[in-house]
Every structure is written in C-alpha cells, then in structure tokens.
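# Observations on chain architecture
Take a look at the letters that make up each chain.
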Amino acid sequence: MPSMKAIKRRRLTVKNISQITKAMNLVATSKLQRARANKAAVGKPVQATFDIVYNTVGDERALEQPFVKPRAVKRTAYVLITSNRGLCGGYNSNVCKMLAKYVKDSDTQPVFLPLGNKGRDYFLRRIVAETRQPATWDEEGRYYDPSGKLRMIDAGTPSETPNFAEAKKAADKLISMYESGEIDEVKLVYTQFFTVLSLEPIIRQVLPVRPDYLRRVVGTDLKAGEEWEDLGFFPKPEAKGGAAMAQEVEFDSGIAEVLRNVVPWYLSMYLYAAMASSALCEQAARMTSMDSATKNAGDIIEKLTLMFNRQRQSIITQEITEIVSGANALQ
C-alpha cells in the first residue's frame, strides 16, 4: 500500500488536473456557442449556392462539361477535416478510422488533403508504416512516397475558427488538380452535428458534380422514391411544384464559362460549411470529454481521500494500541 505522503501527493495532482479539465470544459462551452452561431450563419448562403449549381447542372448541355461529366476514376482526393489539437474524445479518431476503412475498401489511389493537424499526422504515420521509408515534400507542398506516387497535399494548418479564405485556398488547389487530370474525383470527409452527444463522420462526393445528388440535397424537386440528403448545413427546404427549371435558360457567356465560375464557388462554400460543422463538433466533443474527465477526477479524489483516511486511522489505532500495551506492561 502506498504511503500517506504518496497518497496525499497523488490526490493533489489529480485535484490540479480536475481544475484544468473544468476550465477547459468551460472554455469549450463558450466556444461551442460561437461555433453554433457560425454554422447557422453559413446555412443560407450554402443553400443558395446549392440551388444555383443545381439549376445550372440541371441543363442537359451541362452533362458534357468537365466539372459534370463522369470520368474513369484512378485517383481520388479526400479532403479530411479534423482538429489541430487533441483532448476532444473520439472526434478525430472516429473520422480518421472511418476514412482509413473506406480507402482500404476502395479500388482507387487515395490522395489526402488534410485540413487539420490530427488528420495529417494520422495518415502520414500510416503511409510511412506502409512504405517503411521516409518520403519527401516538394516545394508546392505535395507529399510523394518512395515509389513516386502522390499521397498527400499540404493545405496549411487551418485556424480554430473556420473562414472562407482557407476553404477557397483548398478549393483552388483541388480545382487546379482536377482540371489538370492529377485527380479524377473529390470526396469530402467531415463530422456532421446532430446533438452535443450525437456526432457522425460522413463522406460525400463533391467533384464531379452529380445532378441527381444535388437534387436530393436541394430537396425541392425529388422524384418518386428519393429522400432528402441532410448535410447538416440547413433544414429541409419546402418542396416546389414542377421542375426546378421550368423553361430553358440562356447563358450569356455559354454554359461552359458559367460552370467554370460557379463550380469553384460551390466547392469553396461546401468546404467552408463542412469546416464550420466540424468546428462545432470539435467543441462539442471537447466539452463532453472534459466534463467526463472532471467527473472521473472527482471519483478518484474521493477514493484517494478514503484510502488516506483509512491509512491514517490505521496508524492512529496502532499508536494507541502501543501506548496502552506499554502502560499495561509498567503496571
């Protein structure tokens, strides 16, 4: 059994830790409210963007355009959104493990674009463990394995509070690589917020743009058997009567030029909304985990206090017994 001094020292350590976790819980609670407001503010602009893109790609002439026409997929870019810091429960590990399993079951070569240090470090470790050799970054921030395959793209370390500039920077890289043929499709991996205790990592395709998928997201022109796709950005729109495009639309500069301007904006807004959703999930996960840590610390302090009191009582009892025994021996 540890000494009273060791128990007292450990109890003090746990108490200090509990004060830190309680403070982190309060900070996460405050940030949660701001993150919730940021996510709500993004909702209407994102919904309007989806409406515009759907009305554009709904034209039959758009089906043959580069951003809409399907390709033979050899390389898939995964935009993985995680946090820069830990201490947020299973938030980072859940989304990373889900993507790792998804990639393992996929037949295409994965190219990762992590937005967040935790996701970047997770897959860097996996790539190094797989190749058993260190790889290098080039001047453009691209990570190649020893065989020369492009495995990761550095989009920088995003700030704790998402902003549109960071999303646009990542979107511009993806658009450039998609147009040059370095990647054949883009999938977005982020965490969707339902409640503070219900967070779900999901994967959604963003390029090439699929009109049938956008119809489910917009949710105003659903066909029989289709269900609305909830991305966690805005509530279900009210259904409209008739088709979204009641008549043929004339594009002043041509549909190819319109798509060339609309799709990058669509991708940037999609990324921005996903970053806002993930930031909200991060704070919710951190608040919950720090609350649990504080409660667990309290339980440990109670056990250590009981152990300390029992040992102190044992020592006192032993000393009293020795005094009584000595007194009896002198009689």
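The preceding data block contains the structure.
The following refers to the structure shown. All figures in this text were calculated on a predicted structure; none of them were measured in a lab.

The rules behind the values
Residues numbered from 1 in each chain as written. Predicted model: local features only at pLDDT ≥ 70, side-chain atom pairs only at ≥ 80, totals over all residues. Heavy atoms only, no water. Helix = DSSP H or I, 4+ residues; strand = E, 2+ residues; numbered from the N terminus. Buried < 20%, exposed > 50% of the residue type's maximum accessible area, 1.4 Å probe, protein only. Pairing = 2+ DSSP bridges. Salt bridge = Lys/Arg side-chain N within 4 Å of Asp/Glu carboxyl O. Phe/Tyr/Trp six-rings, centres within 6.5 Å; stacked < 30°, edge-to-face > 60°. Lys NZ or Arg CZ within 6 Å of the ring centre and 35° of its normal.

Relative to the assigned elements, K5 resides in helix α1 (residues 4-57). What makes K5 exposed here is its relative accessible area of 65%. Sequence spacing of K5 and Y144 is 139 residues, and the spatial spacing of their C-alpha atoms is 54 Å.

A separate point is the pairing of strand β6 (residues 185-195). The buried count for β6 comes to nine of 11 residues, which makes it a mostly enclosed element. Bridge count for strand β1 (residues 75-81) against β6 is five bridges, and the pairing is parallel. Pairing of Y78 across the sheet is with K187, part of β6. Here β6 runs beside strand β7 (residues 198-207); their pairing, made up of nine bridges, is antiparallel. Bridging across to β7, V186 finds its partner in L207. The loop that links β6 with its antiparallel partner β7 comprises two residues.

A few words now on the pattern of salt bridges. A full pass over the atoms with the stated rule returns 15 salt bridges. Across the salt bridge formed by R85 and E160, the nearest N and O atoms sit 3.6 Å from each other. Taken together, the residues span a long stretch of sequence, with R85 in the loop between β1 and α2 (91-105) and E160 in the loop between β5 (150-153) and α4 (164-180) at a distance of 75 residues. Notably, a salt bridge pairs K101 with D105, separated by 3.4 Å at the nearest N-O pair. Of this pair, K101 and D105 both sit in helix α2, four residues apart, roughly one helical turn. For the pair K101 and D105, a shared accessibility class is recorded, and that class is exposed.

Turning our attention to the environment of T288. Note that T288 resides in helix α6 (residues 255-330). It is 7.8 Å that separates the C-alpha atoms of T288 and G89, two residues lying 199 residues apart in sequence.

Below, the discussion takes up the packing of aromatic side chains. Taken as a whole and judged by the stated rule, the model has 14 aromatic pairs. Seen from their ring centres, F112 and F123 are 4.3 Å apart, and the 25 degrees between their planes marks the pair as stacked. Of this pair, F112 sits in strand β2 (residues 109-115) while F123 sits in helix α3 (residues 117-131), and the two are 11 residues apart along the sequence. Where F164 meets Y272, the ring centres are 6.0 Å apart and the plane angle is 80 degrees; that geometry is what we call edge-to-face. Of this pair, F164 sits in helix α4 while Y272 sits in helix α6, and the two are 108 residues apart along the sequence. When the ring centre of F308 is taken as origin, the NZ or CZ atom of R11, which lies over that ring, is 5.0 Å away. If you follow R71 out to its NZ or CZ, it ends over the ring of Y178, 3.8 Å from the centre.

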